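If you want the building blocks of each chain, they are given just below.
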Amino acid sequence: KDARRKMGVPSATEFSIGQLVDTKKGVDSVIRSAAAAGAVITDEPHERPWGIYSGYFQDPDGHLWEILWNPDSSAP
């Protein structure tokens, strides 16, 4: 639901791939790069209610990606 995509027929490939990055700016950069490479942005990066910052895109092959920054992952 976060990716704002309609549910389809269940399949083994219906999932999102998550990529953790070091900063919020990193999320923005990856999303911009993906769009420049032909991906469709399905949800612009923004703060999520549970404390992460993330955005979603669908690559030209149809794979759904979530690029995210988690403040808890930055702690030593």
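For every chain, the first residue of its written sequence is number 1, and the numbers climb from 1 along that sequence. Local features in a predicted model are, by the rule used here, given only for residues with pLDDT of at least 70; side-chain atom pairs are given and counted only at 80 or more, and totals for whole chains, interfaces and linings are based on all residues. Excluding hydrogens and water, the side-chain values take into account all heavy atoms of the structure.

Asker: Would you mind showing me how to read the nonpolar core here?
Answerer: One broad trend across soluble globular proteins is that nonpolar side chains are buried collectively. In this description, a nonpolar core means a group of buried Ala, Val, Leu, Ile, Met, Phe, Trp, Tyr and Cys residues linked to one another through side-chain atoms lying within 4.5 Å. When a residue's accessible area, from a 1.4 Å probe over protein chains only, is under 20% of the maximum for its type it is buried; when over 50% it is exposed; and in between it is partly exposed. Residues V21, V27, I31, A34, A39, Y53, F57, I67 and W69 constitute the largest nonpolar core, which totals 9 residues. Helical segments are the DSSP runs of H or I of at least four residues, strand segments are the runs of E of at least two, and each set is numbered from the N terminus. Secondary structure elements with two or more residues in this core: α1 (24-36), β3 (53-58) and β4 (64-69). Here the element with the most residues in this core is α1; it accounts for 3 residues. The residues touching A39, leaving out its near neighbours within four places in the chain, are A34, F57, Q58, D59 and P60. Contacts are assigned to residue pairs that have any heavy atoms within 4.5 Å of one another.

Asker: Explain the packing of aromatic side chains here, please?
Answerer: Remark: the centre distance and the inter-plane angle together describe each pair of aromatic rings, the angle taken between the planes. Aromatic rings from Phe, Tyr and Trp, taking only the six-membered ring of Trp, are treated as a pair when their centres fall within 6.5 Å; an angle between ring planes under 30 degrees marks them as stacked, one over 60 as edge-to-face, and anything in between as tilted. Taken as a whole and judged by the stated rule, the model has 1 aromatic pair. Here the aromatic rings of F57 and W65 are separated by 6.1 Å at their centres, their planes lie at 10°, and the arrangement is stacked.

Asker: Where do I start with the pattern of salt bridges in this structure?
Answerer: Think of it this way: side chains of opposite charge can pair up when their charged atoms draw near. Salt bridges are counted wherever a side-chain nitrogen of Lys or Arg sits within 4 Å of a carboxyl oxygen of Asp or Glu. Using the criterion set out here, one finds 3 salt bridges in the structure. R4 is paired through a salt bridge with D43; the nearest N and O atoms lie 2.9 Å apart. On the criterion of sequence distance, the pair formed by R4 in the segment before β1 (16-20) and D43 in strand β2 (residues 40-47) is long-range, its members being 39 residues apart. Taking relative accessible area as the criterion, D43 reaches 6% and is therefore assigned buried. With a closest N to O distance of 2.8 Å, D43 and R48 form a salt bridge. Comparing D43 with R48 shows no difference in burial state: the two are buried. Through salt bridges with shared partners, a single ionic network connects R4, D43 and R48.

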